[in-house]
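# Reading the structure
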Amino acid sequence: MDFTFTPEHQMLREMVKKFTEKEVRPLSQKIDQEAKVPMELWKKAAELGLLGIAFPEKYGGAGAGEMGYCIMLEELAQGDASFTVMLGAHISIGAMSIYLDGTEEQKQKYLTKMCSGEYISAFALTEVNAGSDAANIETTAALKGSDYVLNGTKFYITNGGIANVVIVFAVTDKSLGAHGGVTAFIVESKTPGFKVGRELDKMGIRGSNTVELIFENVRVPKENVLGKIGEGFKTAMKALDRGRLSLSAGCLGGSKRALELSLNHAKQRVQFGKPIAEQQAIQWMIADMAAEIFAMESMVYRSAWAHDQGMRITREAAIVKMYCSEALDRIVDRGVQIHGGMGFIRECDIERAYRDARINRIFEGTNEIQRLVIARDVLTKGAY
Amino acid sequence: MRIICCVKHVPDTNAQIQLAANKKDIAREAISYVMSPYDEFAVEEALRIREKNPGTTVAVITLGPERVDQVLRTGLAMGADEAIHILDPDSSITDPLIVARCLAQVIKSGGYDIVFCGRQAVDNDAFQVGSAIATMLNVAGMTLAGKVEVDANAKKVKVERIVEGGTRQIISGSFPVLITAQKGLNEPRFASLPGIMKAKSKPVTKKNAAELGVDLNTKMIIELLEVPVYQRKKRVIQAGEDGKSAVKQLIELLRTEAKVLE
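Residues numbered from 1 in each chain as written. Chains lettered and ligands numbered in written order. Predicted model: local features only at pLDDT ≥ 70, side-chain atom pairs only at ≥ 80, totals over all residues. Heavy atoms only, no water.

Further remarks concern the overall build of chain A. A tally of regular secondary structure across chain A gives 12 helices and 10 strands. Compactness check: chain A gives a C-alpha radius of gyration of 21 Å against a globular reference of 21 Å for 384 residues, within 12% of the reference. With respect to the principal axes defined by its C-alpha atoms, chain A has extents near 80 × 50 × 40 Å. In chain A, which comprises 384 residues, the share counted as buried stands at 56%. In chain A, the share of contacts with a sequence separation of at least 24, taken over all contacts with a separation of at least 6, comes to 74%. Here chain A has roughly 16900 Å² of accessible surface; of this, 54% comes from carbon and sulfur atoms. (Helix = DSSP H or I, 4+ residues; strand = E, 2+ residues; numbered from the N terminus. Rg over C-alpha atoms; globule rule 2.2 N^0.38 Å. Buried < 20%, exposed > 50% of the residue type's maximum accessible area, 1.4 Å probe, protein only. Contact = heavy atoms within 4.5 Å. Areas by Shrake-Rupley, 256 points an atom, 1.4 Å probe, with all protein chains shown as cover.)

Laid out in structure tokens, this is it:
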């Protein structure tokens, strides 16, 4: 067994760490307060080639693999959660859907521009009545001449209001249900009838753009069908599989930052004549945080490595997503506790971290869905 | 034009430094290393000169054990074209004079127009290698550059130096020259992700220090390293009835003793 990172991955980490410290973290409070990530930051990430990290060089990517991608998100998440989610949604599920199931023409037309950052992408699966239960999708796509005509409304769409291209999942044959009846489409946001509805006011990751998308007779040419007709659900599941792992890398980064903030505070805050870090009650919390971070780090990179070796990691990705999002929640909770009253105040970084953490147990498949995936896999294939 | 940048792999400025058991070196295990910040200014400047002068090549060179290969990779990832590693397998070369001698020997053999160094390496702060190389190469040593202008056709360099008290001094010289980079010279770029991935396939030439044909006999050895012991000073000025004179006294002490006021 060799647990060392390659020199390229180490350099990548150093580079993203510097970028995070210099360009991302200083904006984090502002991003939260103004509920917006400045486009300038997106452009800077694009200039460094970060947006193409997971894709091959022939599409303008860097070919750094899932390992490189996880390293990047871990570091970025130590700067700002909203920006991490913006990049994560763009890379993991938006661009990734095209990379996984797109034709060569679609990749040349869209993926290259997503790697360069010219296009922002979004992934529109969820609806008011269809979240975890994707078979309930109500958005329809009907073939009229050489176009599909889309009608319906999508909800909770990350990057939806700022995306140039959205991967939209719509019903092409209601009688067939999720498997066979749902098709993925590449929809350009400039298409007539594509409307951005209200922006949702969130508890955390406030800078990440989350909107309702409305499709009113949106004509999508046949060549923009992504993958095969009726196989949209497969595309969605494959992309989400990938997204679960990188999301967990973000949880790992958020946890490391929360521990760092807590340590800084615990060493400085003096009560009863000594820094609270010297109190056993605080030390136990710190020990638990460190142990969970070690577990997260181990499982994220082991799974990323396995993925890059070509192994299938459906069960692992679900386990990692479930564990890391829950561990992050416990860690930021202890972080707030260590900070005491100050941790409850808006200007305090740990307060923001606490709010930013919560979504991870919900999006990219709720943790209840992850448990279903894990249990089904264990029950059918055996434990280990 | 050929530019060579001398770079050094130094402990991360954020690293927690502890002494090795022999008290002649720091504990090298488990500390992270970076390119010395002044060397980053040097590499950045070289890359900017190359951008303005097509056909220019930029090489990075370093001396040290296998580990320091990483600082060359960083230089290559920033955009340098090639790298040279002078191997000192067991880190036995610590005397700046010998370091300069090895670097000068290799630089001379490859040809060059401009040699860049950082003004100092931020680990040992010896401030010697740049100037020593200039002397050994018998070229102008233009130190503490805050601004560099290159006229490739005339083969001339103009350097703005920032000296004591912020005074600017403008000096010029003809190729070849050696320039040491000062803070403020530029804002070093981040190595881009494609740059990092491409660095893997760029050439790194390895040469063994022992085989350069230079005298490696050290003239200086490190006897002892000691970490400073900081003592917190506390002083209370009694205000008494007359607050004014106490304030006056406080300002005076802040100026003369604490030296935090001018």
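Attention now goes to the side chain of Asp32(A). All names here are of chain A. Within the secondary structure, Asp32 sits in helix H2 (residues 28–34). Under the relative-accessibility criterion, Asp32 is labelled buried at 8%. Here the side chain of Asp32 touches Arg355 through a polar contact of 2.8 Å, side chain to side chain. If we ignore the near neighbours within four places in the chain, the residues touching Asp32 are Arg206, Arg352 and Arg355. (Polar contact = N/O pair within 3.5 Å; in protein donor to acceptor, adjacent residues only side chain to side chain.)

This part is about a nonpolar patch on the surface. Residues and elements named next belong to chain B. On the surface, Val247, Ile251, Val260 and Leu261 cluster together into a nonpolar patch covering about 330 Å² of accessible area. Residue placement: Ile251 occurs in helix H6 (residues 243–256). Accessibility expressed as a relative area gives 35% for Ile251, which makes it partly exposed. (Patch = residues over 30% accessible without salt bridge, like charges linked within 9 Å, V, L, I, M, F, W, Y side chains within 5 Å. Salt bridge = Lys/Arg side-chain N within 4 Å of Asp/Glu carboxyl O.)

Now for the sheet that holds strand E1 (residues 2–6) of chain B. All names here are of chain B. Across the sheet, nine strands lie side by side as E9-E8-E7-E10-E6-E1-E4-E5-E11; this open sheet has mixed pairing. Both edges of this open sheet fall to strand E9 (167–174) and strand E11 (204–208), since each of them pairs with a single strand only. The average undirected angle you get between the axes of adjacent strands in this sheet is 35 degrees. Here five bridges tie E1 to strand E4 (residues 57–64), and the two strands are oriented parallel to one another. Bridge assignment links Arg2 to a residue of E4, and that residue is Thr57. Contacting E1, E4, strand E5 (82–87), strand E6 (114–118) and E11, helix H3 (residues 96–110) crosses the sheet at an angle of about 150 degrees to E4. (Pairing = 2+ DSSP bridges. Axes fitted to C-alpha atoms, helices over the stretch in contact; angles between N-to-C directions.)

With that out of the way, let us pick up the pattern of salt bridges. Residue and element names in this part refer to chain A. In this structure the tally under the stated criterion is 46 salt bridges over all chains. Linking Arg206 and Asp201 is a salt bridge whose minimum nitrogen-to-oxygen distance equals 2.8 Å. Residue Glu351 is joined to Arg355 by a salt bridge in which the shortest nitrogen-to-oxygen separation is 2.7 Å. Of this pair, Glu351 and Arg355 are both found in helix H11 (residues 349–357), four residues apart, which corresponds to roughly one turn of the helix.

The next subject is the nonpolar core. By size, the foremost hydrophobic cluster in this structure holds 138 residues, and its most contacted members are Phe19(A), Met72(A), Phe83(A), Phe116(B) and Ile179(B). When residues in this core are grouped by element, the largest group, 13 residues, is from helix H8 (residues 232–268) of chain A. Contacts of Phe116(B), omitting those with residues within four sequence positions, involve Ile3(B), Ile4(B), Cys5(B), Cys6(B), Ala42(B), Glu45(B), Ala46(B), Ile49(B), Val148(B) and Ile179(B). Ranked by size, the runner-up nonpolar core spans 28 residues in total, among them Ile86(B), Ile93(B), Ile107(B) and Leu137(B). (Core = buried A, V, L, I, M, F, W, Y, C linked by side-chain atoms within 4.5 Å.)

This part takes up the packing of aromatic side chains. All names here are of chain A. Within this structure, the stated rule accounts for nine aromatic pairs over all chains. When the centroid spacing of 6.4 Å and the interplanar angle of 35 degrees are considered together, the rings of Tyr110 and Tyr119 count as tilted. The residues Tyr110 and Tyr119 share a single accessibility class, namely buried. Positioned above the aromatic ring of Phe5, the side-chain terminus of Arg13 is 5.2 Å from the ring centre. For Arg330, the ring lying beneath its charged end belongs to Tyr323, and the centroid distance is 5.8 Å. (Phe/Tyr/Trp six-rings, centres within 6.5 Å; stacked < 30°, edge-to-face > 60°. Lys NZ or Arg CZ within 6 Å of the ring centre and 35° of its normal.)

Attention shifts here to the packing of helix H5 (residues 81–101) of chain A against helix H6 (residues 104–116) of chain A. Residue and element names in this part refer to chain A. Closest axis-to-axis distance for the H5/H6 pair is 9 Å, and the angle between their directions is 165 degrees. By the angle class used here, H5 and H6 are roughly antiparallel. Where H5 crosses over H6, the handedness of that crossing is left-handed. Across the interface between the two elements, His90, Ala95, Ile98 and Tyr99 from H5 touch Gln106, Lys107, Tyr110, Leu111 and Met114 from H6. The class makeup of the residues in the contact of H5 with H6 is six nonpolar, two polar and one charged. (Parallel < 35°, antiparallel > 145°, perpendicular 65-115°, else oblique. Left-handed = near helix turned anticlockwise from the far one by under 90°. Nonpolar A, V, L, I, M, F, W, Y, C, P; charged D, E, K, R; others polar.)

Here we take up the interface of chain A and chain B. Facing the 18 residues of chain A at the interface are 14 residues of chain B. In this structure, Lys22(A) and Glu187(B) form a salt bridge, with 2.6 Å as the shortest nitrogen-oxygen distance. Here chain A is connected to chain B by three residue pairs in polar contact (both at pLDDT 80 or more). Looking at the side of chain A that touches chain B element by element, the count peaks at 10 residues for helix H1 (residues 7–24) of chain A. Looking at the side of chain A that touches chain B residue by residue, the class counts come to 10 nonpolar, three polar and five charged.

Turning our eyes to something else, we now look at the pairing of strand E7 (residues 210–221) of chain A. For a regular strand, the rule is simple: side chains alternate between the two faces of the sheet. Residue and element names in this part refer to chain A. Judged from the nine bridges that link them, strand E3 (residues 147–158) and E7 form a sheet pairing that is antiparallel. Within the sheet, the bridge partner assigned to Tyr148 lies in E7 and is Val220. Relative to E7, strand E6 (residues 194–199) runs antiparallel, the two being bridged by four bridges. Of the residues in E7, the one forming a bridge with Phe194 is Phe215.

Attention shifts here to the state of the cysteines. Disulfide: a covalent bond connecting the sulfur atoms of a pair of cysteines. All names here are of chain A. Taken as a whole, this structure holds zero disulfides over all chains when the rule is applied. Its sulfur unpaired, Cys324 is 6.1 Å from the next cysteine sulfur, which belongs to Cys251. Residue class for Cys324 comes out buried when judged on its relative accessible area of 0%. (Disulfide = S-S within 2.5 Å.)

Right, let's talk about the environment of Arg242(A) for a bit. Residues and elements named next belong to chain A. Position of Arg242 among the secondary structure elements: in helix H8. For Arg242, a relative accessible area of 13% translates into the label buried. As for Arg242 and Arg330, which are separated by 88 residues in sequence, their C-alpha atoms are 24 Å apart. Other than its neighbours up to four places away in sequence, Arg242 contacts Glu66, Met96, Leu100 and His307.

Within the secondary structure, Asp80(A) sits in the loop between helix H4 (65–76) and H5. For the buried Asp80(A), no salt bridge is present, and the opposite-charge side chain at shortest range is Arg352(A), 4.7 Å distant. (Lys, Arg positive; Asp, Glu negative; His and termini not counted.)

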